[in-house]
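A look at the structure
Letter by letter, the chains look like this.
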Amino acid sequence: MIEVIRTAADMTSAMVRWTKENKSTGFVPTMGALHEGHISLVQASLRENDITILSVFVNPTQFNNPSDLEKYPRNLDKDLDLLNKLGDVVVFAPEIQEIYPDGTNLIQRIDLGFLEQTMEGRHRPGHFQGVVQVVQRLLCIVPASKLYMGQKDFQQFTIIRHMLYVWKSKIQLVICPIIREENGLAMSSRNERLSSEARYKAGEIFQILQWIKKHIQHNSTDNLLNEARKMLDDRSLSPEYLEIVDCTTLHPIKNIKEGLCAVVCIAVWVDGVRLIDNVILYGKLTPA
Ligand code: PAF
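An account of the accompanying structure is given in this report. (Residues numbered from 1 in each chain as written. Predicted model: local features only at pLDDT ≥ 70, side-chain atom pairs only at ≥ 80, totals over all residues. Heavy atoms only, no water.)

Let us look at the side chain of Ser55. Within the secondary structure, Ser55 sits in strand E3 (residues 51–56). Judged by relative accessible area, Ser55 falls into the buried class, the value being 0%. Non-local contacts of Ser55, meaning those with residues more than four positions away in its chain, are made with Phe27, Val28, Pro29, Thr30, Phe92 and Leu138. (Helix = DSSP H or I, 4+ residues; strand = E, 2+ residues; numbered from the N terminus. Buried < 20%, exposed > 50% of the residue type's maximum accessible area, 1.4 Å probe, protein only. Contact = heavy atoms within 4.5 Å.)

Spelled out as structure tokens, the structure:
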């Protein structure tokens, strides 16, 4: 069964009740337009907690491009139907003033250092400030025992992991693998905007990332990235960035060494839609 909570006050009282009853709580923050990637996070939380809470809130402060915010798909009824099939989920769907009672202009900047100066952060200035801001506000209202995030937004996951450490938070961060369409395209709410032709073409992104993974041991990362850029170019896929970086610091990696965790991250425009993806090339990703 689905229970929808609209206000921070109601959510806080429910949280207080569950804590008194010693119920474990799992939290899945989303911006709605749910797809199988989100479903896998909800299923993980349902397996591991007594109560699963999913938030649906399109956060205006993380959109650096107003038309992207405007075009972001919103369909709460469809999302609720999808969740209904999964089990008992509490949906927190607040209005903007519940999260930003003093307006969205009063954002306090947080020092994220290099973590927000590279890749997504370089191309979407202010994006991660907005993400950290909203996750912090949501976690004040829903201070769950476990927080579920997807590997697809790799840099976001890395930044939230860093913030939980800085806040000395007891919340356990759980990272869930990327769910892919049949042709390898990473599931995303943005895929809804792709034509079937573009969706097919976008499957090539994953194939190229897999090609890098296959050849990583015997090549310098610069050579691999140059080859991969040529392959993308041949397929008229224009990457905004393609980088092999350390999974924790996000600094570019030149040579693969034992003990490292390396990930290749990409953002590509496909027929006017910006897609991101990543593949762990080497080592193990640690959630905390
Ligand atoms: O990944 C998302 O959907 C959003 O960035 C998040 C974490 C829900 C914050 O708005």
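There is more to say, and it comes next.
Taken as a whole, helix H4 (residues 76–84) has its buried residues at Asp79, Leu80 and Leu83. Projected down its long axis, H4 carries its buried residues within an arc of 100°, all on one side. Residues of H4 that are exposed and point over 90 degrees away from its buried face: Asp77 and Lys78. Taken together, the buried residues of H4 touch strand E1 (2–5), helix H2 (36–48), E3 and strand E4 (89–92). (Arc of directions from axis to C-beta.)

The next thing to look at is the sheet that holds strand E8 (residues 262–270). Strand order across the open sheet formed by 3 strands is E7-E8-E9, with antiparallel pairing between neighbours. Each edge of the open sheet carries a strand with a single partner, namely strand E7 (238–246) and strand E9 (273–282). Neighbour-to-neighbour, the strand axes of the sheet open up by a mean angle of 15°, direction not taken into account. In this structure, E7 lies alongside E8, joined through 8 bridges in antiparallel fashion. Bridge pairing in E8 places Val245 opposite Val263. Relative to the sheet, helix H9 (residues 196–215) contacts E7, E8 and E9, its axis offset from that of E9 by approximately 25°. (Pairing = 2+ DSSP bridges. Axes fitted to C-alpha atoms, helices over the stretch in contact; angles between N-to-C directions.)

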